[in-house]
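Understanding the architecture of this molecule
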Amino acid sequence: MKNFIHALPKVELHLHIEGTLEPELMFELAKSNNIKIPFNTFTEIKAAYDFYNLQSFLDIYYQGANVLVKEQDFFDLTWAYLLRCKEDNVMHTEIFFDPQTHTSRGISFDTVVNGIHRALLRGKEELGISNNLIMCFLRHLNEEDAFRTLALALSHKDKIVAIGLDSSEIGNPARKFERVFKKAIKNGFLTVAHAGEEGPPKSIIDALEVLELSRIDHGVTCSEDEYLLELLALNRIPLTICPLSNIKLKVFKTMEEHNIVKLLRKGLCVTINSDDPAYFGGYITDNFLAVAKAHDITKTEIAQFTFNAIEASFISDEEKDRLTLIINNYLT
Ligand code: HPA
Ligand code: ZN
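Positions within a chain are numbered from 1, following the residues in the order the chain's sequence is written. Note on labels: chains are lettered from A, ligands numbered from 1, in written order. Local features in this predicted model are restricted to residues whose pLDDT is 70 or higher, and side-chain atom pairs enter the listing and the counts only when it is 80 or higher, whereas totals over whole chains, interfaces and linings include all residues. Side-chain descriptors were evaluated using all non-hydrogen atoms of the structure, hydrogens and water having been removed beforehand.

Regarding the coordination of the zinc ion (ligand 2)
- Each metal's donors are the N, O and S atoms found within 2.8 Å of it, except that Na, K and Ca use a 3.2 Å limit; water is left out, so coordination can look incomplete. Each protein donor to the zinc ion (ligand 2) is listed here as His14 (NE2), His16 (NE2), His194 (NE2) and Asp275 (OD); together their distances run 2.0 to 2.2 Å.
- Considering all 4 donor atoms around the zinc ion (ligand 2), angles at the metal cover 80 to 172° and the coordination shape is irregular.
- In the primary structure, the donors to the zinc ion (ligand 2) are separated according to the pattern H-x1-H-x177-H-x80-D. You can see His16 sitting in strand 1 (residues 10-16) and its partner His194 sitting in strand 5 (residues 190-195), a full 178 residues away along the chain. For the pair His16 and His194, one class covers both residues: buried. By the criteria applied here, four donors are tetrahedral when all angles lie between 85 and 135 degrees, four are square planar and six octahedral when opposite donors are over 155 degrees apart and every other angle lies between 65 and 115, and any other arrangement is irregular. To qualify as a helix, a DSSP run of H or I must reach at least 4 residues; to qualify as a strand, a run of E must reach at least 2; elements of each kind are numbered from the N terminus. Any residue under 20% of the maximum accessible area for its type is buried, any over 50% is exposed, and the rest in between are partly exposed; the area is computed with a 1.4 Å probe on protein chains only.

So, the pairing of strand 5
- With 5 of its 6 residues buried, strand 5 lies for the most part within the structure.
- Two strands pair when backbone bridges link them, and strand 4 (residues 162-166) and strand 5 are joined in this way by 2 bridges, in the parallel orientation. Paired with Ala162 across the bridge in strand 5 is Leu190.
- For the segment spanning strand 4, helix 9 (residues 178-186) and strand 5, crossover handedness is right-handed.
- Each parallel crossover has a hand, and for strand 5 linked through helix 10 (residues 201-211) to strand 6 (residues 215-218) it is right-handed. Strand pairing is defined by DSSP finding a minimum of two bridges between the two strands. Clockwise travel from the first strand over the helix to the second, with the strands pointing away from the viewer, marks a crossover as right-handed.

Comments concerning the site of ligand 1
- Taken together, His16, Leu54, Phe57, Leu58, Tyr61, Asp166, Ser167, His194, Glu197, His218, Asp275 and Asp276 make up all the residues around ligand 1.
- Any N or O atom pair separated by 3.5 Å or less is treated as a polar contact, with the protein-specific requirement of one donor-capable and one acceptor-capable atom, and with residues adjacent in sequence counted only for side-chain atom pairs. In this structure, Ser167 approaches ligand 1 through a main-chain N or O atom, which is 2.8 Å from a nitrogen atom.
- A per-class count over the shell around ligand 1 returns 4 nonpolar, 4 polar and 4 charged. Consider each residue's heavy atoms; a residue with any of them within 4 Å of a molecule or strand counts as near. Under the convention adopted here, Pro, Cys and the residues Ala, Val, Leu, Ile, Met, Phe, Trp and Tyr are nonpolar, Asp, Glu, Lys and Arg are charged, and Gly plus all remaining residues are polar.

That is the geometry; function is a separate question.
Structure (structure tokens):
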């Protein structure tokens, strides 16, 4: 099973590029950019990454992102992730970035997006990994800030396919961003949003109704509501699930208790992703392995996660057919 999972061609749909900042690069950039971070050693980092909920993670995560200053820093961050994708046999990845985390510190939107984009182009050319870029609004910030950020994104429309919503779910309902999402949709962006990570099923239902989403990021609390489960299964509304993240942030106590396999068997379009791998202890292959270790699951079911991710991705039908064929060939 281990070898099967490692070599399985994969598609990642839920990955925050700022969440791929490994301690080595964090220390290196802190030094070269002369930025103070609250850790001096790997041991201190390890101790700090002992999260008890989403907010306890976010507080540390935004501090880490402070070391990213120059366009080259964003390039290096993204390139390191793509090299890791190559090792994990990722064929296609759709990554999030959080411009407000950087513009609020005086880093320009152009610096962020151009650095990431340059690495993505090189990843496509040199590593053969295709990609889509998704810009997230931070939901703890206000609507006005989101509108300002959307205006900046419009001049990079060629590089960004969709708009997302991340950060603190509790206390920041989807409704807060209804108008800015409407404007984004009018401008041709697709939409996704984090919902049902810590929030109740109602938070998923509201997000679907108000933001016209193509998929839900996380969405694991859906199992508390039979009506919602049926809605998600019947309409094949994708959930981008991040198993190791859910354990690190105490959404589930153990991987054995995680509902991802149950959701798969109920016919939901669930996928496996890594969220913030540098903080949660594993990239996409590690997430697959952790699920397979904790659950009695067949190779056919494991491959279904990739078929689902192809179905849920923002690539053309021709490209979906091409990737599907690669998996079918892998299975025979
Ligand atoms: N949830 C919400 N916001 C985030 C996450 C997450 O898992 N990771 C990075 N930003
Ligand atoms: Zn996330």
